[in-house]
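Overview (structure and organization)
Letter by letter, the chains look like this.
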Amino acid sequence: MSTAEPESLPRRVGLLGAGVIGGGWAARFALAGVEVRLFDPAPDAADGVHAALARARRAWDRLSPVAAPHEGAVTIVESVADAVADADLVQESAPEREALKVGLLAEASAAAPAHAIIATSTSGLLPSRLAADVHGPERFVVGHPFNPVYLLPLVELCGGERTSAETIAQAAAFYRAVGMRPLVVRHEIDGFIADRLLEALWREALWLVADDIATVEEVDDAIRFGAGLRWSAMGTFLTYRLAGGDAGMRHFMAQFGPTLQLPWTHLTDVPTLDDELLARLVRQSDAQAGEMTVAELEELRDDCLVAVLDGLRREGYGAGEVVAETERRWRAAAADGAAPSDGTPRAALAADGQLRLHDAVVQPGWIDYNGHMTEFRYLQVVADATDAFLSLIGAGPEYAAGGHSFFTVETHLRHLAEAHAGDRLAVTTRLLGHDERRFHLFHELHRPADGAMMATSEHMLVHVDTNTGRAAPATEAVLDVLARLAADQRELPIPEAAGRRIDGDRLRGAECR
Ligand SMILES: NC(=O)c1ccc[n+]([C@@H]2O[C@H](COP(=O)([O-])OP(=O)(O)OC[C@H]3O[C@@H](n4cnc5c(N)ncnc54)[C@H](O)[C@@H]3O)[C@@H](O)[C@H]2O)c1
């Protein structure tokens with residue numbers, strides 16, 4: 001089944017259930033700009049959703065300097081019908097009880113628009129059984145996420161006997177659009193792929209505690225200091241392919257295949273979940289958590305996941321590549337938002353005549369030992385604004401692929417105020433001048449929260465024919481956009497700091513004296 005359909009953002013989603021998973025879905029969709037309507041009979045459902053949204057905003061502010069275009073509104077409603085009316089996607093995340101889900105999905109599918117995809121977050125119930133009373137069972141699919149839904153990209157898709165291939169493709173397109181990585185489970189099996197693996201590990205972990213071989217903390221240490229670190233990059237098969245050295249999997253299996261016959265694990269035996277084992281698990285896991293509250297542990301988990309995703313993004317690999325793709329989409333959406341709607345650069349101008357092409361959020365890793373944003377990150381933010389300007393004038397990556405590019409040849413940056421982690425920064429841009437080979441740009445970096453001017457920067461860019469490596473005139477199309485922008489901004493006063501330089505004369509004078 002194909003998941004190659006281009007991503008498409010659902011306009012509105014209807015969520016059923018606002019527990020751990022439903023709250024995570026609300027945050028995942030809202031942060032991607034999707035409107036969310038949510039039903040949960042629990043009286044305190046809204047508190048959980050707001051807490052999940054706050055955690056998600058905090059995590060994404062730390063993970064990505066690229067701000068999502070805008071946040072979708074989240075509304076808690078009073079009925080299933082109200083949640084799903086006008087939804088493109090319904091996502092059910094009620095308790096894992098088959099009879100409850102069958103009834104709820106029947107009710108939701110009867111009330112949802114005919115085009116809506118009806119999805120369930122079930123961890124392992126079979127979609128053909130859950131679809132028993134669904135109206136339009138061809139549009140029903142499992143969309144099994146992972147906690148925290150707003151950070152972990154994986155979502156397993158599994159259709160039932162009557163699910164159509166188009167439903168799988170459309171659901172995948174929706175999930176991709178909100179920064180997820182759909183994995184199609186090609187055969188309808190209990191537990192799908194991920195929970196089959198997790199359950200095998202979980203069963204063995206319970207045995208180790210039940211047999212008093214290890215405490216819960218020792219089991220967790222055995223994962224997080226070793227294989228757990230490796231799993232996020234290599235999974236299990238690639239790990240063992242490497243463990244076989246140059247001779248690969250054949251060598252690995254020759255060495256370790258025979259151990260599969262040894263009684264190392266309990267394999268499919270299930271430990272008896274009696275009161276004694278339960279009490280031991282509760283006692284040890286409470287001791288493991290120590291003084292930390294659930295909210296503190298969730299924050300710790302999210303911060304560590306952000307660190308892993310950040311590292312993987314730098315490698316352009318695995319889940320990090322999904323984050324990078326999401327950022328590219330958000331950047332493109334911001335550029336589209338700023339892009340001229342009537343085809344003229346004038347439409348990209350704000351009411352004050354300035355261009356607003358780039359926003360950024362200060363990342364924790366951008367902070368130096370003085371406790372505020374380190375100097376080169378100011379340059380990064382304004383350089384991203386210059387990139388957005390280049391896209392606006394038609395000189396973005398496609399232009400460069402055609403053998404032309406603008407190179408920055410001179411920059412003057414003034415650091416005016418301290419930026420702190422989590423600060424949202426907005427750049428305004430002014431074209432001060434241009435000729436057929438150059439343009440002169442001036443950015444102001446503001447902090448909208450208090451209106452502070454954080455920095456100004458001034459840049460000269462030269463147009464280069466990248467085949468010859470020499471300065472050359474820009475194309476007519478680019479020059480035309482530059483000319484129109486210059487005309488539109490001509491009336492703006494020249495910024496007071498334009499043309500400034502570092503005044504070292506007085507210092508040199510002091511030395512001479
Ligand atoms: N917790 C996980 O790690 C995880 C991971 C992936 C998938 N899932 C699946 O997601 C689903 C939800 O799990 P959870 O962990 O969020 O459970 P949860 O107990 O935290 O939340 C369930 C929520 O559903 C609400 N609810 C009860 N009856 C309802 C109804 N008729 N209509 C709408 N809402 C109703 C409850 O009030 C509760 O808020 C389950 O199917 C579970 O298997 C859970």
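Above this text sits the structure in question.
Each value, and the rule that gives it
- Residues numbered from 1 in each chain as written.
- Predicted model: local features only at pLDDT ≥ 70, side-chain atom pairs only at ≥ 80, totals over all residues.
- Heavy atoms only, no water.
- Axes fitted to C-alpha atoms, helices over the stretch in contact; angles between N-to-C directions.
- Helix = DSSP H or I, 4+ residues; strand = E, 2+ residues; numbered from the N terminus.
- Parallel < 35°, antiparallel > 145°, perpendicular 65-115°, else oblique.
- Contact = heavy atoms within 4.5 Å.
- Nonpolar A, V, L, I, M, F, W, Y, C, P; charged D, E, K, R; others polar.
- Expected span 1.5 Å × (residues − 1).
- Buried < 20%, exposed > 50% of the residue type's maximum accessible area, 1.4 Å probe, protein only.
- Left-handed = near helix turned anticlockwise from the far one by under 90°.
- Patch = residues over 30% accessible without salt bridge, like charges linked within 9 Å, V, L, I, M, F, W, Y side chains within 5 Å.
- Areas by Shrake-Rupley, 256 points an atom, 1.4 Å probe, with all protein chains shown as cover.
- Salt bridge = Lys/Arg side-chain N within 4 Å of Asp/Glu carboxyl O.
- Near = heavy atom within 4 Å.
- Polar contact = N/O pair within 3.5 Å; in protein donor to acceptor, adjacent residues only side chain to side chain.
- Pairing = 2+ DSSP bridges.
- Phe/Tyr/Trp six-rings, centres within 6.5 Å; stacked < 30°, edge-to-face > 60°.

So, about the packing of helix α7 (residues 194–210) against helix α11 (residues 275–289). α11 packs onto α7 with a crossing angle of 95 degrees between their chain directions and a minimal axis gap of 10 Å. The angle between α7 and α11 places the two elements in the roughly perpendicular class. Counted together, L206, V209 and A210 of α7 and L277, R280, L281 and Q284 of α11 form the full contact between these two elements. Here the residues of the contact of α7 with α11 are counted per class, giving five nonpolar, one polar and one charged.

This part takes up helix α16 (residues 476–489). Helix length check: α16, at 14 residues, gives a terminal C-alpha distance of 20 Å against a target of 20 Å (1.5 Å per residue), a fit within 8%. All of the buried residues in α16 are V478, L479, V481, L482, L485, A486, D488 and Q489. Against the buried residues of α16 lie β9 (355–361), α14 (375–392), α15 (397–401), β10 (404–415), β11 (424–434) and β12 (438–447).

To continue, consider α14. The periodicity of an α-helix, 3.6 residues per turn, causes residues three or four places apart in sequence to face the same way. With 18 residues, α14 should cover 26 Å at 1.5 Å per step; its first-to-last C-alpha distance of 27 Å lies within 8% of that length. Those residues of α14 that fall on the buried side of the exposure criterion are R377, Y378, V381, V382, A385, T386, A388, F389, L390 and L392. Count one or two residues on from α14 and you reach G394, which has phi positive near 85 degrees.

Further remarks concern unusual backbone geometry. Of note, the bond from N147 into P148 is cis; its omega dihedral lies within 30 degrees of zero at 0 degrees. Within the element layout of this structure, P148 appears in the loop between β6 (140–144) and β7 (154–159). Here the phi dihedral of D86 falls at roughly 70 degrees; this positive angle occurs in a residue that is not glycine. Structurally, D86 is set in the loop between α3 (80–84) and β4 (89–92).

Further remarks concern the packing of helix α2 (residues 45–63) against helix α12 (residues 294–315). Put simply, α2 and α12 touch, their axes get as near as 9 Å, and they point 30 degrees apart. What the angle tells us is that α2 and α12 run roughly parallel. Where α2 crosses over α12, the two elements pack in a sense that is right-handed. Contacts between α2 and α12 involve R55, R58, A59, R62 and L63 from the first element and E298, E299, R301, D302, D303, V306, L309, D310 and R313 from the second.

Here we take up a nonpolar patch on the surface. A cluster of nonpolar side chains, namely L183, I193 and L197, defines an oily patch on the protein surface of about 250 Å² accessible area. Examined against the element boundaries, I193 turns out to sit in the loop between β8 (181–184) and α7.

Per the counting criterion, the structure on display carries 30 salt bridges. Two residues, R37 and D82, come together in a salt bridge whose shortest N-O distance is 3.1 Å. Of this pair, R37 sits in strand β2 (residues 35–39) while D82 sits in helix α3, placing them 45 residues apart in sequence. Using a relative accessible area of 16% as the deciding quantity, one classes R37 as buried. Each of R11, R12, E35, D86 and D88 takes part in one network of salt bridges that share partners.

Let us look at the site of the ligand. Taken together, 21 residues lie around the ligand, and I21, D40, E96, K101 and S123 are the ones closest in. The contact in question runs from an oxygen atom of the ligand to an N or O atom on the side chain of E96, over 2.5 Å. Measuring from an oxygen atom of the ligand, one finds a side-chain N or O atom of K101 at 2.7 Å. For the ligand, whose accessible area on its own is 830 Å², the fraction buried by protein is 72%. Every element with two or more residues in the shell around the ligand is listed here: α1 (20–31) and α4 (98–111). In terms of residue class, the shell around the ligand is built from ten nonpolar, eight polar and three charged.

In this section: the environment of T456. Secondary-structure assignment places T456 in strand β13 (residues 452–465). Remark: the alpha-carbon pair of T456 and R186, spanning 270 residues in sequence, is separated by 54 Å. Leave out the neighbours within four places in its chain, and T456 touches H412, L413, R414, L416, F442, H443, E444 and A497.

The subject of this paragraph is the sheet that holds β2. The strand order across the open sheet built from eight strands is β3-β2-β1-β4-β5-β6-β7-β8, with neighbouring strands paired in mixed fashion. Edge strands, defined here as strands with exactly one partner in the open sheet, are β3 (74–77) and β8. Neighbour-to-neighbour, the strand axes of this sheet turn through a mean angle of 25 degrees, independent of strand direction. As paired elements, β6 and β7 share four bridges and run antiparallel to each other. Along β7, the bridge assignment pairs H144 with E156. Along the sheet face, helix α6 (residues 165–177) touches β4, β5 (117–120), β6, β7 and β8 and points at about 165 degrees away from the line of β7.

Geometry of an aromatic ring pair is reported as the spacing of the ring centres plus the angle between the planes. Summed over all chains, the structure comprises seven aromatic pairs. Residues W25 and F29 carry aromatic rings whose centres are separated by 5.3 Å and whose planes lie at 20 degrees to one another, so their mutual orientation is stacked. Of this pair, W25 and F29 both sit in helix α1, separated by four residues, roughly a single helical turn. The two residues W25 and F29 agree in class, both being buried. Taking 4.7 Å as the distance between ring centres and 15 degrees as the angle between the ring planes, the aromatic pair formed by Y240 and F252 counts as stacked. Of the two residues, Y240 is situated in helix α9 (residues 237–243) and F252 in helix α10 (residues 248–256); the sequence distance between them amounts to twelve residues. Y240 gets classed as partly exposed once you look at its relative accessible area, which sits at 34%.

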